[in-house]
Amino acid sequence: MTKPVILTGIRANNDLTIGNYFGAILPMIDMANQKSEAYQINMFIPDLHSFTTPVDHTLLYEQILHNARLFVAAGLPLDNDDIHLYRQSYIPAHSELTWILDCFTGFGEMSRMTQFKDKSGTLGAERTSMGLFNYPVLMAADILLYNAKYVPVGDDQSQHIEFTRGIGERMNNRFGDIFTLPESVAKQHEFFGKDQGLRIKDLVDPTKKMSKSDELGKGVIFLGDDPAVAAKKIMSATTDDKAEIHYDKENQPGITNLLEILALLRGKDLQQTIGEFEGQTQYGEFKKTVAGEVEQFLTNFQAQLASVDNAAILAKLESSEQLLSGTANATLLRAQQAVGLRPEGK
Ligand code: TRP
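Residues numbered from 1 in each chain as written. Predicted model: local features only at pLDDT ≥ 70, side-chain atom pairs only at ≥ 80, totals over all residues. Heavy atoms only, no water.

## Describing the site of the ligand
Next up, step 1: Looking at the ligand, there are 13 residues lining it, with Arg 11, Tyr 135, Met 139, Asp 142 and Gln 157 nearest.
Next up, step 2: Tyr 135 is positioned such that a nitrogen or oxygen atom in its side chain is 2.6 Å from a nitrogen atom of the ligand.
Next up, step 3: Between a nitrogen atom of the ligand and a side-chain N or O atom of Asp 142, the distance comes to 2.7 Å.
Next up, step 4: Protein coverage of the free-state accessible area of the ligand, which is 360 Å², stands at 90%.
Next up, step 5: Broken down by secondary-structure element, the contributors of at least two residues to the shell around the ligand are strand 1 (5-9) and helix 6 (130-144).
Next up, step 6: Considering every element that reaches the shell around the ligand, the biggest residue donor is helix 6, with four residues.
Next up, step 7: Its residues placed into classes, the shell around the ligand shows eight nonpolar, three polar and two charged. (Near = heavy atom within 4 Å. Polar contact = N/O pair within 3.5 Å; in protein donor to acceptor, adjacent residues only side chain to side chain. Areas by Shrake-Rupley, 256 points an atom, 1.4 Å probe, with all protein chains shown as cover. Helix = DSSP H or I, 4+ residues; strand = E, 2+ residues; numbered from the N terminus. Nonpolar A, V, L, I, M, F, W, Y, C, P; charged D, E, K, R; others polar.)

## Structural notes on the packing of aromatic side chains
How two aromatic rings sit relative to each other is set out by the distance from centre to centre and by the angle between their planes.
Next up, step 1: Across all of its chains, the model carries 16 aromatic pairs by this definition.
Next up, step 2: For the ring pair Phe 104 and Phe 175, a centre distance of 5.6 Å and an interplane angle of 90° mean the geometry is edge-to-face. Placement of Phe 104 in the loop between helix 3 (93-102) and helix 4 (107-111) and of Phe 175 in helix 7 (residues 158-175) is noted, with a sequence separation of 71 residues between them.
Next up, step 3: Using a relative accessible area of 23% as the deciding quantity, one classes Phe 104 as partly exposed.
Next up, step 4: Note on Phe 175: relative accessible area 27%, which makes it partly exposed. (Phe/Tyr/Trp six-rings, centres within 6.5 Å; stacked < 30°, edge-to-face > 60°. Buried < 20%, exposed > 50% of the residue type's maximum accessible area, 1.4 Å probe, protein only.)

## Quick look at the pattern of salt bridges
Next up, step 1: Per the counting criterion, the structure on display carries twelve salt bridges.
Next up, step 2: In this structure, Arg 170 engages Glu 109 in a salt bridge whose closest nitrogen and oxygen atoms are separated by 3.1 Å. On the criterion of sequence distance, the pair formed by Arg 170 in helix 7 and Glu 109 in helix 4 is long-range, its members being 61 residues apart.
Next up, step 3: Looking at Glu 109, the relative accessible area reads 27%, which means it is partly exposed.
Next up, step 4: Two residues, Asp 225 and Lys 233, come together in a salt bridge whose shortest N-O distance is 2.7 Å.
Next up, step 5: Residue classification places Lys 233 among the buried positions, given a relative accessible area of 13%. (Salt bridge = Lys/Arg side-chain N within 4 Å of Asp/Glu carboxyl O.)

## Brief notes about the sheet that holds strand 1
Next up, step 1: Within the open sheet, the four strands sit side by side as 3-2-1-4. Their pairing is parallel. Since the sheet does not close on itself, it has two edges, and those belong to strand 3 (83-87) and strand 4 (148-150), each with one partner. If you compare each strand with its neighbour and ignore which way they point, the axes differ by 40° on average.
Next up, step 2: Alignment of strand 1 against strand 2 (residues 40-45), held across five bridges, turns out to be parallel. Its bridge partner being in strand 2, Thr 8 is matched across the sheet by Met 43.
Next up, step 3: Sheet strands touched by helix 8 (residues 185-192): strand 1 and strand 4. Its angle to strand 4, the strand with the most contacts, is close to 65°. (Pairing = 2+ DSSP bridges. Axes fitted to C-alpha atoms, helices over the stretch in contact; angles between N-to-C directions. Contact = heavy atoms within 4.5 Å.)

## A closer look at the packing of helix 2 (residues 57-73) against helix 12 (residues 283-306)
Next up, step 1: Between helix 2 and helix 12, whose axes approach to 9 Å, the crossing angle comes to 115°. Comparing the axis directions of helix 2 and helix 12 gives the class roughly perpendicular. Both helix 2 and helix 12 take part in a crossing whose hand is right-handed. On helix 12, the residues touching His 66, Arg 69, Leu 70 and Ala 73 of helix 2 are Phe 301, Gln 304 and Leu 305. (Parallel < 35°, antiparallel > 145°, perpendicular 65-115°, else oblique. Left-handed = near helix turned anticlockwise from the far one by under 90°.)

## Observations regarding helix 7
Since the α-helix advances by 3.6 residues per turn, residues separated by three or four positions end up pointing in the same direction.
Next up, step 1: Given a rise of 1.5 Å per residue, 18 residues ought to cover 26 Å, and the 26 Å separating the end C-alpha atoms of helix 7 matches this to within 8%.
Next up, step 2: All buried positions along helix 7 are accounted for by Ser 158, His 160, Ile 161, Phe 163, Thr 164, Ile 167, Gly 168, Met 171 and Asn 172.
Next up, step 3: Count one or two residues on from helix 7 and you reach Gly 176, which has phi positive near 95°. (Expected span 1.5 Å × (residues − 1).)

## Examining the domain arrangement of the protein
Next up, step 1: Here the domain parsing of the protein yields domain 1 (5-151 + 155-195 + 310-338) and domain 2 (227-305).
Next up, step 2: Between the C-alpha centres of domain 1 and domain 2 the distance comes to 33 Å.
Next up, step 3: Note on domain 1 versus domain 2: buried area summed over both sides is about 730 Å², and carbon and sulfur give 90% of it.
Next up, step 4: Looking at the side of domain 1 facing domain 2, the largest losses of area belong to Ile 18, Phe 22 and Ala 73, adding up to 66% of the total buried there.
Next up, step 5: In this assembly, domain 1 and domain 2 are joined by zero salt bridges.
Next up, step 6: Applying the counting criterion to the domain 1 and domain 2 interface returns zero residue pairs in polar contact (both at pLDDT 80 or more).
Next up, step 7: Among the secondary structure elements, those contributing two or more residues to the side of domain 1 that touches domain 2 are helix 1 (18-35) and helix 2.
Next up, step 8: Per-class residue counts for the side of domain 1 that touches domain 2 are six nonpolar, one polar and one charged. (Domains from an automatic or database assignment. Buried area = accessible area lost by both parts, 1.4 Å probe.)

Put into structure tokens, the structure is as follows:
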């Protein structure tokens, strides 16, 4: 009955973008559908992580359910018993294991985490919470609780995976086998195939990633955008003055980004899309094509989203949460016993 576990979490503190959709959600759902015969798939919403940076708390609860709906609209099946969908905060073992791991984690090691340094640098010391600092430890708990072997994440999370292996191993060395360690990042890359390096870029500044935390949103297409407004964003995307379409990340990042977006929207091979437009001189016409596809895609996706069965999603969340509490509590108990909080034995 015990299959190896693939586990991944997607944050839900903002409306997601087409970059998230094509770069993370779709690939993850494809992976879940393909691998669920041989693996147990744990997909979860790290809701406790979602306010490590400021959010609107009056919207958070709905936002979390909304994101679950997005996954379903994107093709996540609710009737596959090997694919679980759950919310982190509904399984209290995440918080409890985090505290235990905290007490075996060095302040220095956490201070050197790249993502922490970046984000706390932007926020400033007074607005940087203990939660942001502690974020990787909670993430380690997320992974270790379920004995996860593979954890597909973006490159920005690799350091946290290595930390998870480190803390798990340290605890195991000191106390005996408590945790199953996830595979190294290198092995994970091997398993999932190399990252296509597909990162949709911002439409206004095509040298940076399209990010859901962009405040103005002019360079970002959200899945919830009015399709006509999204089309306008494409029409005013930054390009260049070369007046000839080439796939050239270095010198024509805006045009290149639009070619990538178009290929993804059409679900077609990038080379084919490039072949179709390469050398053309009418940026306006090209943009109109992309804008039309964006409009069509959002119209279809939003219709799909509207038809999602909310009661079925809630039922799925609740049944996964109940089932997986069993696994999580068993791991937590091993850790509690190891550190002397519970008696050894059964
Ligand atoms: N930190 C991840 C992100 O920002 C989300 C996350 C939280 C996660 N816990 C996790 C991913 C555990 C994988 C495994 O994208």
